[in-house]
Amino acid sequence: MKSIVWFAEVGKDDIPLVGGKGANLGEMTRAGLPVPPGFIVTADAYYAFLDNTKLDKKIKDVLCNINPEDSKTLNALSKELETAILESPMPKNLSEQIKSSYDKLSSKEDVFVAVRSSATAEDLPDASFAGQQETFLNIKGGSNVVKAVQKAWASLFEPRAIYYRTINHFDHLKVGIAIPVQIMVESVASGVMFAADPVSGDTGKIVIDAGLGLGEAIVLGSIDPDHYVLSKEPLQIVSKEIKKQTWKIVRDPKGGDKHVTVKHDEQETQKITDEQILVLGGLAKKNEAHYGHPNDMEWAIDKDEKVFLVQSRPITTLKKESPATQNSATSVPTEQSPTGVAPTPQASGEVILKGAAASMGIASGPVKIIHKPTEIDQVLPGDVLVTEMTNPEYVPAMRRVAAIVTDTGGRTSHAAIVSRELGIPCVVGSGTATSTLKMGQMITVDGAKGLVYKGKVTIPTGVASSPGTQSNSPTPGSYEPTPIITGTKVYVNLGEPHLAEKVAAQPVDGVGLLRAEFIIAGMGEHPRAMMKDGRSKEFVDKLAEGMQTICQAFYPRPVVYRATDFKTNEYRDLKGGAEFEPQEANPMIGYRGAFRYVKEPDLFKLELEALKKVRAGDLTNLWLMIPFVRSIAEFIAVRQIVTDSGLKQDHDFKLWIMCEVPSTVILIDKFCDLGIDGVSIGSNDLTQLTLGCDRDNPALATEFDERDEAVELSLKHVITTCRKRNVTVSICGQAPSVYPEITELMVKSGATSVSVTPDMIVSTRKVIASVERRLLLNQMVS
């Protein structure tokens, strides 16, 4: 029995030993294609592990007569088997062989490797749906590789993998798993390449999707990649679509990977050069010539501009249609999908969304918006699945829908590939489908044009329709779609009431920072001047009106009102302000925030009256946040004023503080002792006070950086302390709107939410979803 083999020792005929992925890595290595070196822990080693631990009998008993459509039972049995595999000891001789092979691969010093999964029924001509098992990137050290191998074994029994085998009638114990361990390419650019157009089936074309950083963001559909099309004869570039990329995934020197901001001047540039596009095209042709058919490949380019192929598999969608069908605009397909959707007809009507054409065909049906795999049981036959992006766990729902529309992703994303395999229309990268479309709304999806039409449009004569087009389809609903769901909530920073309805329609969980300053500035007068003129009620009414507008738009989502935090120089600019505001040399650290409320409680009470007025109208989603808190005594005094006004902390009135001053960071545990309900980190002030940099001084602009180690340590300390004390913790400074690294830090540290500017809501969702998926992947089983 061979437990370990090197890539060069295996080829395409060794699938039972090393799985489809391992066999293709070996085959490409033998063919002289540029493949990063590696070895494979064979399927024989996996079976020996099951035999030694008696887990084979347990697997057979647990999965006997399982109903794959019973999601709750499926999830429970999956966790039971994954836990059993992870808790069973790996044979010592095998773990030593893995460590020895890793040392040989590493040569003089430990290298980063990718630990991939290669099921014996994966990447085969008759069994596709790659990605059912997990991959672990940037693993370093022999012991960590051993752990990753065992996690990869366990991933063979994730719910999506069990479901896939069951519906395809594969014996769970006859599907083995091999684990390729491959040197990681520290890619500056990466992507996916097809040696034939996967949408039209044109075998005379080569299609490349490209993005900056590691390729995971492209494969998962988290970013919209550049799209290049080449002709094979002669080999030349036919078309290019350049997409904006604001963030990327890169290797973390400390291990694993991280999300970072793409430099501003690189965000809208072509991701790879024309010369590199042609090099990739040449490799696609060489790959096809060797295999005898077009393949789907993953590629990477490192910092030295070396080009590598890191995976190859058949393009399974090419077998679904004959060439005549592919080129006909009206023909019924030779092999229809379960929904009976033709691949090439054209529809017409009112276009309400545009995206990338990902899978040909036309279908109509009611919109079903879901945001996470646990909601797939809500998807009914004939629905149009609308989601931000899909992953393999969505496959059970994807099998029964009429069409698919996603917010993100390109033509080579998971949603696109699986849709083509299922033969259902798909439009990806629409940008706003989950927020624009309404639950139950009737739409028509044209996968050939990348268009979504309002209502049920006319389908050309002779073209079969999906069940979603029949008269017994559900009646379109009138209620709004639920926000896109991530474990970490996404709030928005807002101060302009007239924007409330527009922003509230986006996939956002609430307002994490309602600024009073915009509303007061709109009045044009200093509050103290209005009080002096006997117009206190006018001030309260106008402030309450602005609050009410925002609370109504977001109800029942929470709205966190930050009490006024004008600095003296800002207050002086209001009408009558010069009479009441002192001249300060440094207003940024002057008479502001909580200290001002203690000194001028009568003015602060007017804000509280406005807040009470709004809440009295049943808008109990309005909460209060105290800014620029410097000391414990200061907060206690302010809280007493709040309590005396009749506002008491309970289940529907929360009292938060801003954490902007280093003293608050240091004393955060004591603030938790006082019973605060939430903390929102003001990263702008916290950064300038931690680094001693005036954020408004252009001479210090290069030194002001929220990603400084001192600031990041402060963020982590506040978050971990608050989470231990079960106190809500968020951030509302500019940092998460500018730097995905800060969003990643917040999520990894356990923050309950982040609050960003309105234009960053969707992109922040994408970053959070990507980070959370990596965290779940690394945890596997708790």
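Residues numbered from 1 in each chain as written. Predicted model: local features only at pLDDT ≥ 70, side-chain atom pairs only at ≥ 80, totals over all residues. Heavy atoms only, no water.

A short note on the overall build of the protein chain
Piece 1. Scanning the protein chain from N- to C-terminus turns up 28 helices and 30 strands.
Piece 2. Burial status across the protein chain gives 60% buried among its 782 residues.
Piece 3. For the protein chain, long-range pairs separated by at least 24 residues make up 68% of all intrachain contacts whose partners lie at least 6 apart in sequence.
Piece 4. Carbon together with sulfur atoms contributes 51% to the accessible area of the protein chain, which is approximately 30400 Å² in total. (Helix = DSSP H or I, 4+ residues; strand = E, 2+ residues; numbered from the N terminus. Buried < 20%, exposed > 50% of the residue type's maximum accessible area, 1.4 Å probe, protein only. Contact = heavy atoms within 4.5 Å. Areas by Shrake-Rupley, 256 points an atom, 1.4 Å probe, with all protein chains shown as cover.)

Some thoughts on the packing of aromatic side chains
Piece 1. Applying the stated criterion to the full structure yields 8 aromatic pairs.
Piece 2. Centre to centre, the rings of tyrosine 597 and phenylalanine 604 are 4.3 Å apart; their planes meet at 5°, and the pair counts as stacked.
Piece 3. In this structure tyrosine 597 comes out as buried when scored by relative accessible area, which is 3%.
Piece 4. Take phenylalanine 604: its relative accessible area is 2%, and that puts it in the buried class.
Piece 5. With centroids separated by 6.2 Å and ring planes inclined at 70°, the aromatic side chains of phenylalanine 635 and phenylalanine 671 adopt a geometry described as edge-to-face. Residue phenylalanine 635 is found in helix α21 (residues 632-644), and its partner phenylalanine 671 is found in helix α23 (residues 668-673); the two are separated by 36 residues along the sequence. Exposure class is identical for phenylalanine 635 and phenylalanine 671. Each is buried.
Piece 6. Each residue in the set Tyr46, Tyr47, Phe49 and Trp153 is aromatic and connected to the rest through ring pairs, giving one cluster. (Phe/Tyr/Trp six-rings, centres within 6.5 Å; stacked < 30°, edge-to-face > 60°.)

As for the environment of glutamate 538
Piece 1. Mapped onto the fold, glutamate 538 is located in helix α17 (residues 536-554).
Piece 2. By relative accessible area, glutamate 538 is classed as partly exposed at 27%.
Piece 3. Separated by 11 residues in sequence, glutamate 538 and proline 527 have C-alpha atoms that sit 9.9 Å apart.
Piece 4. Of note is the side chain of glutamate 538, whose polar atom sits 2.9 Å from the side chain of arginine 535. (Polar contact = N/O pair within 3.5 Å; in protein donor to acceptor, adjacent residues only side chain to side chain.)

Points about the sheet that holds strand β26 (residues 622-626)
Piece 1. Taken in spatial order, the 8 strands of this open sheet run β29-β28-β27-β26-β25-β24-β23-β30, and their pairing is parallel. The two strands at the open ends of the sheet, each matched to only one other strand, are β29 (728-731) and β30 (753-756). Neighbour-to-neighbour, the strand axes of the sheet open up by a mean angle of 25°, direction not taken into account.
Piece 2. Judged from the 4 bridges that link them, strand β23 (residues 489-494) and strand β24 (residues 510-515) form a sheet pairing that is parallel. Residue pairing in the sheet places leucine 494 in a bridge with leucine 514 of β24.
Piece 3. Across the sheet, helix α15 (residues 516-523) is in contact with β24 and β25 (559-562); its angle to β24 comes to roughly 45°. (Pairing = 2+ DSSP bridges. Axes fitted to C-alpha atoms, helices over the stretch in contact; angles between N-to-C directions.)

Digging into the sheet that holds strand β8 (residues 205-212)
Piece 1. Across the sheet, 6 strands lie side by side as β10-β9-β8-β7-β13-β14; this open sheet has antiparallel pairing. The open sheet has two free edges, formed respectively by β10 (236-241) and β14 (307-314), since each of these has just one partner strand. Across the sheet, the mean angle from the axis of one strand to that of its neighbour is 20°, orientation sign disregarded.
Piece 2. Judged from the 7 bridges that link them, strand β13 (residues 295-302) and β14 form a sheet pairing that is antiparallel. Directly across from isoleucine 301, in β14, lies its bridge partner valine 307.

Notes on the confidence of the model for the protein chain
Piece 1. On average, residues of the protein chain score 84 in pLDDT, and 89% of them reach the 70 mark or higher.
Piece 2. Counting interchain partners and residues more than four positions distant, the pLDDT-below-50 stretch residues 460-483 has 56 contacts. (pLDDT = per-residue confidence, 0-100.)

Topic: the side chain of threonine 486
Piece 1. The topology assignment puts threonine 486 in the loop between β22 (451-454) and β23.
Piece 2. A distance of 2.5 Å separates a polar side-chain atom of threonine 486 from the backbone oxygen of threonine 488.
Piece 3. At a separation of 2.9 Å, a polar atom in the side chain of threonine 486 contacts the side chain of arginine 765.
Piece 4. If near-sequence neighbours (up to four positions away) are discounted, threonine 486 is found in contact with Arg765, Ile768, Ala769 and Glu772.

Notes on α21
Piece 1. Between its first and last C-alpha, α21 extends 18 Å over 13 residues, near the 18 Å set by a 1.5 Å rise per residue.
Piece 2. Among all positions in α21, only Glu634, Phe635, Val638, Ile641 and Val642 are buried. Looking straight down α21, one finds that the buried residues subtend no more than 120° of arc, so they occupy a single side. Residues of α21 that are exposed and angled more than 90 degrees away from the buried face: Ala633 and Asp644.
Piece 3. Where α21 is buried, its residues meet α19 (593-599), α20 (601-616), β26, β27 (655-659) and α23.
Piece 4. Once α21 ends, the next one or two residues include glycine 646, with phi positive near 105°. (Expected span 1.5 Å × (residues − 1). Arc of directions from axis to C-beta.)

Looking at the pairing of β14
A regular strand places its side chains on the two faces of the sheet in alternate fashion.
Piece 1. With respect to burial, β14 is a largely interior element, 7 of its 8 residues being buried.
Piece 2. In sequence, β13 turns back onto β14 through a hairpin of 4 residues, with glutamate 305 there showing a positive phi of about 65°.

A few points about the pairing of β25
Piece 1. Burial along β25 is two-sided: the residues Val559 and Tyr561 and Val560 and Arg562 are all buried.
Piece 2. By the bridge criterion, 4 bridges tie β25 to β26 in an arrangement that is parallel. In the sheet register, valine 560 faces β26, and the bridge partner there is tryptophan 623.

So, the nonpolar core
Piece 1. With 97 residues, the main nonpolar core has Phe554, Tyr561, Leu624 and Ile681 as its most contacted residues.
Piece 2. For this core, the leading source of residues is α17, giving 8 residues. (Core = buried A, V, L, I, M, F, W, Y, C linked by side-chain atoms within 4.5 Å.)

Here we look at unusual backbone geometry
Piece 1. Put simply, glutamate 233 and proline 234 share a cis peptide bond, and its omega is -5°.
Piece 2. Checked against the element boundaries, proline 234 lands in the loop between β9 (226-231) and β10.
Piece 3. Geometrically, the link from tyrosine 555 to proline 556 is a cis peptide bond, its omega value of 5° lying close to zero.
Piece 4. With respect to the element layout, proline 556 can be found in the loop between α17 and β25.
Piece 5. With phi around 65°, lysine 54 is a residue other than glycine that occupies positive phi space.
Piece 6. Summarising the element assignment, lysine 54 is placed in the loop between α2 (43-53) and α3 (55-62).
Piece 7. The phi angle at asparagine 726 is positive, at roughly 60°, despite the residue not being glycine.
Piece 8. Take asparagine 726: it is sitting in the loop between α25 (709-724) and β29.

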